[in-house]
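# Observations on the three-dimensional arrangement
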Protein chains: 2
Amino acid sequence: MQRYFINEEYEDHQLFVLSGDDFHHASHVMRMKIGDQCFLTFSNEVAIVAEITGILENQIELKEIQKETAQKEMPYSVSIACGYTKGDKLEWVAQKATELGMSELIGFPSKTSVVKWDEKKLGKKNQRFEKIVKEAAEQSHRQKIPKIQLLSSFKQLETQLKQYDHVLIAYEESAKIGETKSLVKSLQMIVPGEKILIIFGPEGGITPEEISLFESYQGVLCGLGPRILRAETAPLYALSAMSYQWELLN
Amino acid sequence: MQRYFINEEYEDHQLFVLSGDDFHHASHVMRMKIGDQCFLTFSNEVAIVAEITGILENQIELKEIQKETAQKEMPYSVSIACGYTKGDKLEWVAQKATELGMSELIGFPSKTSVVKWDEKKLGKKNQRFEKIVKEAAEQSHRQKIPKIQLLSSFKQLETQLKQYDHVLIAYEESAKIGETKSLVKSLQMIVPGEKILIIFGPEGGITPEEISLFESYQGVLCGLGPRILRAETAPLYALSAMSYQWELLN
């Protein structure tokens, strides 16, 4: 069943409305009719099952049938920080990491990042990322849309580190020496309300200086299994491992 | 450190040789010199650290320094079967699923597959897939190259099902009803020497008839967490979950 995000907090109304792009999608792409149902998800993470009661020239009107009770979101807030990579790899990550349950994607210029994007370019990219993430959230039946931050300096990442309860650094060298306990320990000791950040390097990896800095904020190095993963694959491993630990095992 | 696959079984030689594409890569791309080291991995899954002793016009000569002792492979054989998807999604899965440790990729024509490829086209694609998988295996430091099968009929998949000890079907409807136990149970009860197959549908999903058929071969439906994953994302979730259960938790 189709899902649309309404950019307002939920309030108990007689009537809900789809307009703009969502109206167009529902009426012209999905060809929905009176009596058809869909999910509506609101900005305060409330989601309902709604039924179409009217189709007008520029909007669709719906009534609430019931609340959506299933929990689609990860039990803890997971932020993914990725050193900027070449081409459209970060866009791939934005889409797949949304399907896999991240709360937030932070792109940052890492020391070994080949690409350098200025503020103007980052502003444009931000819009594109927001669109990708919204569509992926709808398709994967998320109950909230992940946030996007495309930082223009490494310092902007540093200043945010203290707000996280757990900071992990996915490190290739840890994988190579067979480090297997850090990720498990962090995933098993997190408690409700806590926020976890996991940092991934670009193709060239994270530098020892960057690691030292992250460690000064209680960052912990971890391996993601014995095989070396590409920069765009590693975040998907981490999120899948989190879902397996928190949503399937528990 | 670079890794090359030698398509022969390991035998204790004074001298090992890189020729052809691997010679070209080592000498012209990596610009390796006498004294440089790399991994050599053989078709019987033995891997060694080797050092260059001579660089000739068409080949590089190496001597063995020591065996590679680290275990890079999953403890159980994992085959991934994917209903054919549009565009190059399956190529993408081939690369990432190799990084993530699969033993084998089987593409098959599912009832809802939009794409239809004939034997000739599949033959060409097979070559391309083998190249993708070999490169991904080298880059991720695998100790074996996954196998590829691009089937031209659904029946060809059916005839193979009985060779697997565990057959799982990743099913969207299972995810929607909150099924969380099947995958965990299968991953925790597998024993050494067993082979697991996990089947993924194309964009249009797996049909009830296909499910019945798989179930007649002891196939078990499973959910991959509460969010709906795209056809190309789901195999990566499954493999990451397996690595987490078998390689990090155990």
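Residues numbered from 1 in each chain as written. Chains lettered and ligands numbered in written order. Predicted model: local features only at pLDDT ≥ 70, side-chain atom pairs only at ≥ 80, totals over all residues. Heavy atoms only, no water.

## Describing the relation of the copies chain B and chain A
Between the two copies of the chain lies a relationship made up of a rotation around an axis and a movement along it. Rotating chain B by 180° about the axis while translating it 0.0 Å along that axis superimposes it on chain A, leaving an RMSD of 0.1 Å. This pairing of chains is accounted for by a two-fold axis. (Least-squares fit on C-alpha atoms with pLDDT ≥ 70 in both.)

## Things to note about the sheet that holds strand 3 (residues 37-42) of chain A
Remark on secondary structure: sheet strands pair via backbone hydrogen bonds, oriented parallel or antiparallel. Residue and element names in this part refer to chain A. Judged by pairing direction, the sheet is mixed, and its five strands sit side by side in the order 1-3-4-5-2 without closing on themselves. Looking along the sheet, the strands with just one partner apiece sit at the ends: strand 1 (3-6) and strand 2 (16-19). With strand direction ignored, the average angle separating the axes of adjacent strands in the sheet is 40°. As defined by bridge partners, strand 2 adjoins strand 5 (residues 59-67) across four bridges and the pair is classed as antiparallel. Bridge assignment links Val 17 to a residue of strand 5, and that residue is Glu 61. Running at roughly 90° to strand 2, helix 1 (residues 20-29) makes contact with strand 1, strand 2 and strand 5 of the sheet. (Pairing = 2+ DSSP bridges. Helix = DSSP H or I, 4+ residues; strand = E, 2+ residues; numbered from the N terminus. Axes fitted to C-alpha atoms, helices over the stretch in contact; angles between N-to-C directions. Contact = heavy atoms within 4.5 Å.)

## Considerations on the interface of chain B and chain A
Listed by partner, the interface residues are 43 residues for chain B and 43 residues for chain A. Among the residues chain B hides against chain A, the three largest losses belong to Arg 227, Tyr 244 and Leu 248 of chain B. Together they make up 22% of the total. At the boundary of chain B and chain A, one finds six salt bridges. The salt bridge involving Arg 227 of chain A is made with Glu 247 of chain B; its shortest N-O contact spans 2.7 Å. Along the contact surface separating chain B from chain A lie 22 residue pairs in polar contact (both at pLDDT 80 or more). Counting residues per element, the side of chain B that touches chain A draws most heavily on helix 8 (residues 234-249) of chain B, which supplies ten residues. Residue composition of the side of chain B that touches chain A, by class: 16 nonpolar, 16 polar and eleven charged. (Buried area = accessible area lost by both parts, 1.4 Å probe. Salt bridge = Lys/Arg side-chain N within 4 Å of Asp/Glu carboxyl O. Polar contact = N/O pair within 3.5 Å; in protein donor to acceptor, adjacent residues only side chain to side chain. Nonpolar A, V, L, I, M, F, W, Y, C, P; charged D, E, K, R; others polar.)

## Thoughts on the nonpolar core
Formed by 87 residues in total, the largest nonpolar core has its most connected members in Leu 105 and Leu 183 of chain A together with Leu 105 and Leu 183 of chain B. Not counting the four nearest positions on each side in its chain, Leu 105 of chain B is found in contact with Ile 80, Cys 82, Leu 90, Val 93, Ala 94, Phe 129, Lys 147, Ile 148 and Gln 149 of chain B. (Core = buried A, V, L, I, M, F, W, Y, C linked by side-chain atoms within 4.5 Å. Buried < 20%, exposed > 50% of the residue type's maximum accessible area, 1.4 Å probe, protein only.)

## Some details on the packing of helix 2 (residues 89-99) of chain A against helix 3 (residues 119-139) of chain A
All names here are of chain A. Orientation of helix 2 relative to helix 3, taken along the N-to-C sense of each, is 30°, at an axis distance of 8 Å. Looking at the two axes, helix 2 sits roughly parallel to helix 3. Helix 3 is crossed by helix 2, and the crossing has right-handed handedness. Contacts between helix 2 and helix 3 involve Leu 90, Glu 91, Ala 94, Gln 95 and Thr 98 from the first element and Lys 125, Arg 128, Phe 129, Ile 132, Val 133, Ala 136 and Ala 137 from the second. Here the residues of the contact of helix 2 with helix 3 sort into seven nonpolar, two polar and three charged. (Parallel < 35°, antiparallel > 145°, perpendicular 65-115°, else oblique. Left-handed = near helix turned anticlockwise from the far one by under 90°.)

## Quick word on the packing of aromatic side chains
Inspection of every chain in the model, using the stated rule, returns 16 aromatic pairs over all chains. Between the aromatic rings of Phe 154 of chain A and Phe 214 of chain A, the centroid separation amounts to 5.7 Å while the plane-to-plane angle is 40°, which identifies the pairing as tilted. Here Phe 154 of chain A, found in helix 4 (residues 154-158), pairs with Phe 214 of chain A, found in helix 7 (residues 208-215); they are 60 residues apart in sequence, far enough to count as distant. Ring pairs connect the aromatic residues Tyr 10, Phe 16 and Phe 42 of chain A, which therefore count as one cluster. Across the ring face of Trp 92 of chain B, the terminal group of Lys 96 of chain A is positioned such that the distance to the ring centre comes to 5.3 Å. The ring centre of Phe 39 of chain B lies 4.4 Å from the NZ or CZ of Arg 3 of chain B, which sits over that ring. (Phe/Tyr/Trp six-rings, centres within 6.5 Å; stacked < 30°, edge-to-face > 60°. Lys NZ or Arg CZ within 6 Å of the ring centre and 35° of its normal.)

## A look at the domain arrangement of chain A
Residues and elements named next belong to chain A. Taken as a whole, chain A is organised into domain 1 (3-67) and domain 2 (77-248). In this assembly, domain 1 packs against domain 2 so that about 730 Å² is buried in total across both faces, 58% of it on carbon and sulfur atoms. Contact with domain 2 buries area across many residues of domain 1, yet Arg 3, Phe 5 and Glu 45 alone supply 78% of it, more than any other trio. One can count one salt bridge joining domain 1 with domain 2. A salt bridge links Asp 22 to Lys 134, with the nearest nitrogen and oxygen atoms 3.5 Å apart. Our enumeration of links across domain 1 and domain 2 arrives at three residue pairs in polar contact (both at pLDDT 80 or more). Across the side of domain 1 that touches domain 2, the residue classes tally to five nonpolar, one polar and three charged. (Domains from an automatic or database assignment.)

## Focus on the side chain of Glu 232 of chain B
Here Glu 232 of chain B lies in the loop between strand 11 (219-222) and helix 8. Looking at Glu 232 of chain B, its side chain comes within polar contact range of the side chain of Lys 96 of chain A, at 2.8 Å. If near-sequence neighbours (up to four positions away) are discounted, Glu 232 of chain B is found in contact with Gln 95 and Lys 96 of chain A together with Lys 89, Trp 92 and Val 93 of chain B.

## Digging into the sheet that holds strand 3 (residues 37-42) of chain B
Residue and element names in this part refer to chain B. Taken together, the five strands give an open sheet; going across it, the order is 1-3-4-5-2, and neighbouring strands pair in mixed fashion. For this open sheet the edge positions go to strand 1 (3-6) and strand 2 (16-19), each flanked by a neighbour on one side alone. Mean inter-strand twist for the sheet, computed between neighbouring axes without regard to direction, equals 40°. Relative to strand 4 (residues 47-55), strand 3 is paired through five bridges, and the arrangement is antiparallel. The residue bridging Gln 37 from the neighbouring strand is Glu 51, located in strand 4. Lying on the sheet, helix 1 (residues 20-29) is in contact with strand 1, strand 2 and strand 5 (59-67); it crosses strand 2 at an angle near 90°.

## Remarks on helix 3 (residues 119-139) of chain B
Residue and element names in this part refer to chain B. Relative to the 30 Å expected for 21 residues at 1.5 Å per residue, helix 3 spans 30 Å between its end C-alpha atoms, a close match to the ideal helical length. Taken together, the buried positions of helix 3 are occupied by Leu 122, Lys 125, Asn 126, Phe 129, Ile 132, Val 133, Ala 136, Ala 137 and Glu 138. In this structure, the buried side of helix 3 is in contact with strand 1, helix 1, helix 2 (89-99), strand 7 (104-108) and strand 8 (147-150). Sitting at the head of helix 3, Asp 118 places a side-chain oxygen 3.2 Å from the backbone nitrogen of Lys 120. (Expected span 1.5 Å × (residues − 1).)

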